[in-house]
Amino acid sequence: MEFKKAGLLSLFLFISVLTSAQKRTLVQDLESDEPGCGQVHIEMDQRIDSLLGSYKVNPDEESFKAIGYRIQVYMGNNTRQSKEQATQTDKYIRENFPDLPVYTVFRSPRWLCLVGDFLYYEEAYETMRRLKKESQFKQMIILRNQEIRVPL
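All of these numbers come straight from a predicted model, not from anything done at the bench.

### Regarding the side chain of D90
Point 1. Along the chain, D90 falls in helix α4 (residues 80-96).
Point 2. Contacts of D90, omitting those with residues within four sequence positions, involve V102, T104 and C113.

In structure tokens, the structure reads:
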């Protein structure tokens, strides 16, 4: 019985070590030693590192997840008409602003059409001004603390 518990515990620890080894912080990535590249050393409080968050290292993906800003272009209620209007908004943005990622989602009890993946508020604000100027949408807001995709 003790052998089974020890084996199960060691298996669990091994899996958790593998999982944690796959996650890296942005600072760890900057400080990594790679042949042919310069070296960077960052001195900071560990609390700052925890605020930056981590991302999963996956060579197949060309982006990582971070906390940032998105622009809410449309918000409707929980009806079929709202879903259709959110989809039409999505289509319009994709056709007229192909450089911006668009996300149409249902967050109970409403349909949302969100635009962009911005690390900085200033980027989101400038894009919102451009959208207001060049599109039919005039009432937009910037949402913070959104999980965004940042290209590498």
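Moving on, there is more to tell.
### Topic: the packing of aromatic side chains
Point 1. Applying the stated rule across the entire model yields four aromatic pairs.
Point 2. Plain terms: the ring middles of Y69 and Y121 are 5.8 Å apart, the flat faces sit at 75° to each other, and that makes the pair edge-to-face. Highlighted residues: Y69 in strand β3 (residues 63-76) and Y121 in helix α5 (residues 121-134), separated in sequence by 52 residues.
Point 3. Owing to a relative accessible area of 22%, Y69 belongs among the partly exposed residues under this scheme.

### Quick look at the environment of D29
Point 1. Tracing the backbone through its elements, the reader meets D29 in helix α2 (residues 26-31).
Point 2. For D29, a relative accessible area of 31% gives the class partly exposed.
Point 3. With 11 residues separating them in the primary sequence, D29 and V40 have C-alpha atoms 9.7 Å apart.

### Concerning the pattern of salt bridges
Point 1. Counting across every chain of the model gives five salt bridges.
Point 2. Of the charged contacts in the structure, one is a salt bridge between D99 and R130, with a shortest N-O distance of 3.5 Å. Taken together, the residues span a long stretch of sequence, with D99 in the loop between α4 and β4 (102-107) and R130 in helix α5 at a distance of 31 residues.
Point 3. Here D99 falls in the exposed class, since its relative accessible area comes to 53%.
Point 4. Given the relative accessible area of 29%, R130 is considered partly exposed.

### Considerations on the side chain of S82
Point 1. Here S82 lies in helix α4.
Point 2. Given the relative accessible area of 6%, S82 is considered buried.
Point 3. Here N77 takes part through its side chain, which lies 2.6 Å from a polar atom of the side chain of S82.
Point 4. A polar side-chain atom of S82 sits 3.0 Å from a polar atom in the side chain of T79.

How each quantity is defined
- Residues numbered from 1 in each chain as written.
- Predicted model: local features only at pLDDT ≥ 70, side-chain atom pairs only at ≥ 80, totals over all residues.
- Heavy atoms only, no water.
- Helix = DSSP H or I, 4+ residues; strand = E, 2+ residues; numbered from the N terminus.
- Contact = heavy atoms within 4.5 Å.
- Phe/Tyr/Trp six-rings, centres within 6.5 Å; stacked < 30°, edge-to-face > 60°.
- Buried < 20%, exposed > 50% of the residue type's maximum accessible area, 1.4 Å probe, protein only.
- Salt bridge = Lys/Arg side-chain N within 4 Å of Asp/Glu carboxyl O.
- Polar contact = N/O pair within 3.5 Å; in protein donor to acceptor, adjacent residues only side chain to side chain.

Don't take any of this as a statement about function, it's just geometry.
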